[in-house]
Structure formats: C-alpha cells, structure tokens
Amino acid sequence: MLSIHLLKKDIEDCREEMVRLALITSLSDQRVIETSKKLDKLINTYYKLSTKSS
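Residues numbered from 1 in each chain as written. Predicted model: local features only at pLDDT ≥ 70, side-chain atom pairs only at ≥ 80, totals over all residues. Heavy atoms only, no water.

Enquirer: Let's hear about the overall build of the chain: which residues, and what values?
Expert: Across its full length, the chain carries two helices and zero strands. Along the first, second and third principal axes, the C-alpha set of the chain runs to 40 × 15 × 15 Å. Expressed as a percentage of its 54 residues, the buried residues of the chain come to 20%. The contacts of the chain with a sequence gap of at least 6 include a subset with a gap of at least 24, amounting to 59%. If the 10 positive side-chain charges of the chain are averaged to one point and the 8 negative ones to another, these points end up 5 Å apart. (Helix = DSSP H or I, 4+ residues; strand = E, 2+ residues; numbered from the N terminus. Buried < 20%, exposed > 50% of the residue type's maximum accessible area, 1.4 Å probe, protein only. Contact = heavy atoms within 4.5 Å. Lys, Arg positive; Asp, Glu negative; His and termini not counted. Charge placed at Lys NZ, Arg CZ, Asp CG, Glu CD.)

What follows is the structure, encoded as structure tokens:
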C-alpha cells in the first residue's frame with residue numbers, strides 16, 4: 001500500500017515538474033497537460049486514502 005507520506009512527496013514533485021515545464025514551454029504544451037493529469041490522479045489517490053484513514 002502506498003503511504004500517505006510518499007504520496008505527498010510524489011504530489012509535490014509532480015507539481016514542481018508541472019510548473020517547471022509550464023515556465024519553459026506553455027500551459028497548453030502536451031507535456032504540461034500530461035503532468036497535470038498525473039497530478040490530478042495523485043491528488044485523487046491521496047484524497048481517497050486520507051478519507052479512508054479518518
């Protein structure tokens with residue numbers, strides 16, 4: 001099972017990567033969009049895990 005701590009780190013890393021890509025390309029660049037989708041999935045997983053453990 002994925003730990004919430006590792007998931008938080010993955011979310012932060014993915015967010016930083018998305019911002020970095022957006023700064024050197026554009027918000028509509030395919031790599032930014034794909035990274036954003038990945039970030040959405042990570043956040044959804046985090047939310048599901050955090051609500052289960054409450």
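Enquirer: Please set out the environment of Arg31 residue by residue, giving values where relevant.
Expert: Locating Arg31 in the fold gives a position in helix H2 (residues 30-52). Owing to a relative accessible area of 47%, Arg31 belongs among the partly exposed residues under this scheme.

Enquirer: Can you explain H2? Please cite residues and give values.
Expert: For H2, which comprises 23 residues, the first-to-last C-alpha distance of 33 Å matches the rise-based estimate of 33 Å (1.5 Å per residue) to within 8%. Of the residues making up H2, those classed as buried are Val32, Thr35, Leu39, Leu42 and Leu49. For H2, the capping residue at the N-terminal end is Asp29, with a side-chain oxygen 2.9 Å from the backbone nitrogen of Arg31. (Expected span 1.5 Å × (residues − 1). Polar contact = N/O pair within 3.5 Å; in protein donor to acceptor, adjacent residues only side chain to side chain.)

Enquirer: For a nonpolar patch on the surface, give the residues involved together with the corresponding values.
Expert: Residues Val19, Leu23 and Ile24 make up a contiguous nonpolar surface patch of roughly 320 Å² in combined accessible area. With respect to the helices, strands and loops of the structure, Leu23 is situated in helix H1 (residues 4-24). (Patch = residues over 30% accessible without salt bridge, like charges linked within 9 Å, V, L, I, M, F, W, Y side chains within 5 Å. Areas by Shrake-Rupley, 256 points an atom, 1.4 Å probe, with all protein chains shown as cover. Salt bridge = Lys/Arg side-chain N within 4 Å of Asp/Glu carboxyl O.)

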